[in-house]
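Listed below, chain by chain, are the residues.
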Amino acid sequence: MTDASPDSSRSRPKASAGFSLAKLLLEGRAFFALIAIIVVFSLLSPYYFTLGNFLTMASHVAIFGILAVGMLLVILNGGIDLSVGSTLGFSGVIAGFLMQGVQLTALGVILFAPVWVVAVLVCVLGALVGLVNGVLIAWLKVPAFVATLGMLYVVRGAALLMTNGLTYNDLGGKPELGNTGFDWLGFNRLLDIPVGVLAMVVIALIGSIILNRTAFGRWLYASGGNERAAELSGVPVKKVQVSVYMLSGICASVAGLILSSELTSAGPTAGTSYELTAIAAVVIGGAALTGGRGNIRGTLVGAFVIGFLSDGLVIIGVSAYWQTVFTGAVIVLAVLLNAIQYRPRARLSSPAGGSPTSPKKDKAGMADPALEKTAG
């Protein structure tokens, strides 16, 4: 009885030490930052904390949120996609081109495609851009940064060549041509919620199901955490890489359709630097740039942090230059906190001054979350 009491007394503090306020604040930093932004700007402006303003800001966030979901899939795989902003702009240009009518000179006719056909073709285009990225990275072993940076310029250049630097305007369509409804994504609402916001929610739900309920999601986390180990375990690593870049391209195309619909115009420079905002949303949401760690929920919160911060600064009249400074500071802080959260744990020494805990024991203890929950 007396021999067991010291062990039990030592184990009690460990069990009670399971809750850490610092850990809670660190892991939930994006959510707490969003709450702080809402509180601060609500105090600074009477127009900020209104339902109408929140819906308007959410419609702005939807573009970045959709891009960020696709970017998250790529970053979970340990990659990066710098071409999503250009893909967004090119998708809008293709949509504008199709909405203006495709002239078949040999037949002497002009074809006007229905809006749903335009949307499908644009999404196929985004998937093709992602396919090129994926093949370059997975099969030809081009570094992701270089491959997607090259596609950034290729796709943006193609958009400029198609339009000669001009913008397609008045994309509303004409009833007699059967191509009306393009502005539905940008202006219509369902249950008083902008369609773009609902599209973001649907894409986020699909992404969450893929990550949490499918074998592909498990393969993605495994290949992002340790590509070599995943490959030895039978995970089709190359197919996963190609797939995530295709999904990222599709998300960029959907965002391009929504943005062009909101503006009822499509320009070749649309989406410039949007890829950086998408990466920032993923990082603020707590994902690790090294891959294997992150989730849809945190990414969406990160997108809302950036969107609500930018719109709040506009509402209170802060200069656009200072907005860039504040956004950059938030991104740097988020990366710093990610580095703190995901840094390797130091070896633990025994309380009695004994030998350090074996790294093998640490890994074994961390490998089974169920054991940790039971012990806590």
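Residues numbered from 1 in each chain as written. Predicted model: local features only at pLDDT ≥ 70, side-chain atom pairs only at ≥ 80, totals over all residues. Heavy atoms only, no water.

Draft legend 1. How the structure looks around the pattern of salt bridges. The tally for this structure, following the rule as stated, stands at 2 salt bridges. Two residues, Arg 228 and Glu 231, come together in a salt bridge whose shortest N-O distance is 3.8 Å. Taken together, the positions of Arg 228 and Glu 231, both in helix H11 (residues 227–232) and 3 residues apart, correspond to about one turn of that helix. Glu 231 sits in the partly exposed class, given a relative accessible area of 37%. (Salt bridge = Lys/Arg side-chain N within 4 Å of Asp/Glu carboxyl O. Helix = DSSP H or I, 4+ residues; strand = E, 2+ residues; numbered from the N terminus. Buried < 20%, exposed > 50% of the residue type's maximum accessible area, 1.4 Å probe, protein only.)

Draft legend 2. Layout of the packing of helix H9 (residues 195–213) against helix H14 (residues 296–315). Put simply, H9 and H14 touch, their axes get as near as 9 Å, and they point 150° apart. The angle between the axes of H9 and H14 places the two elements in the roughly antiparallel class. Contact with H9, carried on its side by Met 200, Ala 204, Gly 207, Ser 208 and Leu 211, involves Ile 296, Leu 300 and Phe 304 of H14 and no other residues of that element. (Axes fitted to C-alpha atoms, helices over the stretch in contact; angles between N-to-C directions. Parallel < 35°, antiparallel > 145°, perpendicular 65-115°, else oblique. Contact = heavy atoms within 4.5 Å.)

Draft legend 3. Layout of helix H4 (residues 51–76). Along H4, the largest kink reaches about 35° and is centred on Val 61. For H4, a buried count of 21 out of 26 residues is recorded, marking the element as mostly surrounded by other parts of the structure. Positive backbone phi, at 85°, marks Gly 78, one or two positions downstream of H4. (Bend = angle between axes of the 7 residues up to and from the residue.)

Draft legend 4. Here's a closer look at the packing of aromatic side chains. Under the definition given, this model contains 8 aromatic pairs. A network of ring pairs unites the aromatic residues Phe 41, Tyr 48, Phe 49, Phe 54, Phe 304 and Phe 308 as a single cluster. (Phe/Tyr/Trp six-rings, centres within 6.5 Å; stacked < 30°, edge-to-face > 60°.)

Draft legend 5. A look at a nonpolar patch on the surface. Taken together, Leu 21, Leu 24, Leu 25, Phe 31, Phe 32, Ile 35, Val 39 and Leu 43 make up a surface patch of nonpolar side chains, about 770 Å² in accessible area. At the level of secondary structure, the elements contributing two or more residues to the nonpolar patch comprise helix H2 (21–27) and helix H3 (29–44). Broken down by element, the nonpolar patch gets its largest block of residues, 5 residues, from H3. Structurally, Ile 35 is set in helix H3. (Patch = residues over 30% accessible without salt bridge, like charges linked within 9 Å, V, L, I, M, F, W, Y side chains within 5 Å. Areas by Shrake-Rupley, 256 points an atom, 1.4 Å probe, with all protein chains shown as cover.)

Draft legend 6. Summary view of the side chain of Gln 323. Relative to the elements of secondary structure, Gln 323 occurs in helix H15 (residues 320–342). We classify Gln 323 as buried; its relative accessible area is 16%. Dropping the residues within four chain positions of it, Gln 323 is found in contact with Ser 310, Leu 313, Val 314 and Val 318.

Draft legend 7. Just the confidence of the model for the protein chain, in detail. Confidence along the protein chain averages 83 in pLDDT terms, with 84% of residues attaining 70 or more. By mean pLDDT, helix H17 (residues 369–375) is the weakest element of the protein chain at 37, and helix H7 (residues 144–163) is the strongest at 95. Here residues 1–17 is modelled with pLDDT under 50, and outside its nearest four sequence neighbours on either side it reaches 2 contacts, counting other chains as well. In the model, residues 346–376 has pLDDT below 50 throughout and makes 12 contacts with residues more than four positions away in sequence or in other chains. (pLDDT = per-residue confidence, 0-100.)

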